[in-house]
Amino acid sequence: MIDAVGVKKRYGSRPILRGVDIVVENGETLVIIGGSGCGKSTFLKCVIGLVHPDEGSIMVDGMDITKLAHETDIAQYRRRFGYLFQEAALFDSLTVWENVTFGLRYLTDIPTHKFRQVARDKLALVGLKDVEDFKPSELSGGMKKRVALARAIAAEPSYILYDEPTTGLDPIMSDVINDLILELQKQLKITSIVVTHDMKSAYKVGSRIAMLHEGRVLGVAHPEVIRISTNPYIRQFVDGLSHGPIKMRLKEFEADPVGAKVNGKA
Ligand SMILES: Nc1ncnc2c1ncn2[C@@H]1O[C@H](COP(=O)(O)OP(=O)(O)O)[C@@H](O)[C@H]1O
Ligand SMILES: [Mg+2]
């Protein structure tokens, strides 16, 4: 279980996370939605210890990971996580099976002569066969995502963090990836966080959906409750409307518009 309380992070003078509270129950898929630049990826990076929050705690399996100071402890901790990066982030010069098993020598005790078979097994789980010897450049966007997903599950993590798993894919391939997320959750009983702004995907894979806005969680609810939410911020986002309380920023560094005060909190 992941229990984040009051997580704050600023870059220079810009507050990104202003006190994020999120609980992810064992076995669930928590979806985090929110506009570009609202801090979704930053939050995921806090969870795996790539970014250190300025304040707050993140308890994972009962341990506060923000208290881990040594790189070796953080590396040890990170073994519990599979991470699907926003860009598939495969190594172009390595074959598919080398990509899938890239982290295993650091993360597991699996002997290297077994790596190829491990890669085959994980690739089968994401619906790929006989692609071990291909190079990433020979694969379509959807296949690259699947290879990246096979890599994320290669070390058999307890948690998977998906950063915009369907961004850049056509609607059909997006749905294939959604089905895979559901399948992995069912088969491997994995606990996941999925960050997305694809509402179709959010409704489909989420046990619950949390909306992040101006550095805080506006609300967390079952997808069917989000679908009929009357909160004007949530409505505007899930309906994809340009008019509403969420003001578009023309520039990344523009000062916060009205959004800085949400639910009366500055
Ligand atoms: N290392 C960094 N240094 C400075 N600013 C950053 C850094 N990482 C992210 N940001 C900024 O923080 C904001 C939130 O980024 P991010 O978490 O990637 O947003 P999201 O994933 O929701 O689109 C963005 O405005 C981004 O430019
Ligand atoms: Mg992001």
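Here, every reference points to the structure presented above.
Report on the accompanying structure.

Rules used in this analysis
Residues numbered from 1 in each chain as written. Chains lettered and ligands numbered in written order. Predicted model: local features only at pLDDT ≥ 70, side-chain atom pairs only at ≥ 80, totals over all residues. Core = buried A, V, L, I, M, F, W, Y, C linked by C-beta atoms within 7 Å. Buried ≥ 20, exposed ≤ 12 C-beta atoms within 10 Å, placed from the backbone. Helix = DSSP H or I, 4+ residues; strand = E, 2+ residues; numbered from the N terminus. Contact = placed C-beta atoms within 7 Å. Pairing = 2+ DSSP bridges. Near = placed C-beta within 6 Å. Nonpolar A, V, L, I, M, F, W, Y, C, P; charged D, E, K, R; others polar. Axes fitted to C-alpha atoms, helices over the stretch in contact; angles between N-to-C directions.

### Details of the nonpolar core
For soluble globular proteins, the rule of thumb is that nonpolar side chains tend to be buried together.
For step 1, the next point in the chain: Ile32, Val147, Ile160 and Leu161 are the most contacted members of the largest nonpolar core, which has 65 residues in total.
For step 2, the next point in the chain: No other element matches helix H6 (residues 141-153), which puts seven residues into this core.
For step 3, the next point in the chain: In contact with Ile160, not counting residues within four places along its chain, are Gly82, Leu84, Ala152, Ile153, Leu184, Ile190 and Ser192.

### Points about the pairing of strand S10 (residues 216-221)
Both faces of the sheet carry side chains from a regular strand, because those side chains alternate between them.
For step 1, the next point in the chain: As judged from the five bridges shared by strand S9 (residues 208-213) and S10, these two strands associate in the antiparallel manner. Each residue of the ladder has a partner; that of Leu212, found in S10, is Val217.
For step 2, the next point in the chain: Connecting S9 to the antiparallel partner S10 that follows it, the hairpin turn spans two residues, and Glu214 within it adopts a positive phi of roughly 50°.

### Examining the site of ligand 1
For step 1, the next point in the chain: Tyr11, Gly37, Lys40, Ser41 and Thr42 are the nearest of the eleven residues found near ligand 1.
For step 2, the next point in the chain: By residue number, the principal contributor to the shell around ligand 1 is helix H1 (residues 40-47), which donates three residues.
For step 3, the next point in the chain: Here the residues of the shell around ligand 1 are counted per class, giving three nonpolar, six polar and two charged.

### Describing unusual backbone geometry
For step 1, the next point in the chain: Within the chain, Glu156 stands out as a residue other than glycine whose phi angle is a positive 50°.
For step 2, the next point in the chain: Here Glu156 is to be found in the loop between H6 and strand S7 (159-163).
For step 3, the next point in the chain: Residue Glu156 is classed as partly exposed on the basis of its C-beta count, with 15 C-beta atoms lying within 10 Å.
For step 4, the next point in the chain: Of note in this structure, Lys189 is not a glycine but carries a positive phi near 55°.
For step 5, the next point in the chain: Mapped onto the elements of the fold, Lys189 is located in the loop between helix H7 (171-188) and strand S8 (191-195).

### Some thoughts on the sheet that holds strand S4 (residues 55-60)
For step 1, the next point in the chain: Across the sheet, four strands lie side by side as S2-S1-S4-S5; this open sheet has antiparallel pairing. The open sheet has two free edges, formed respectively by strand S2 (14-24) and strand S5 (63-64), since each of these has just one partner strand.
For step 2, the next point in the chain: In the packing of H1 onto the sheet, contacts are made with strand S1 (2-11), S2 and S4, and the angle to S1 comes to roughly 120°.

### What to know about the pairing of strand S3 (residues 29-33)
For step 1, the next point in the chain: Counted residue by residue, S3 has five buried out of five residues, so it is predominantly covered.
For step 2, the next point in the chain: On S3, burial covers both faces: Thr29, Val31 and Ile33 on one face and Leu30 and Ile32 on the other are all buried.
For step 3, the next point in the chain: Note that S3 and S8 share four bridges and pair parallel. By the bridge assignment for S8, Val31 is matched with Val194.
For step 4, the next point in the chain: Pairing between S3 and S9: four bridges, direction parallel. Residue pairing in the sheet places Ile33 in a bridge with Met211 of S9.

### So, the sheet that holds S7
For step 1, the next point in the chain: If you walk across this open sheet you meet the six strands as S6-S7-S8-S3-S9-S10, and the pairing is mixed. Pairing within the sheet leaves two strands with one partner each, and these edge strands are strand S6 (81-84) and S10. Neighbour to neighbour, the strand axes of the sheet diverge by 15° on average, direction disregarded.
For step 2, the next point in the chain: Here S7 runs beside S8; their pairing, made up of five bridges, is parallel. In the sheet register, Leu161 faces S8, and the bridge partner there is Ile193.
For step 3, the next point in the chain: Those strands touched by H6 are S6 and S7, and its axis lies near 165° from that of S6.

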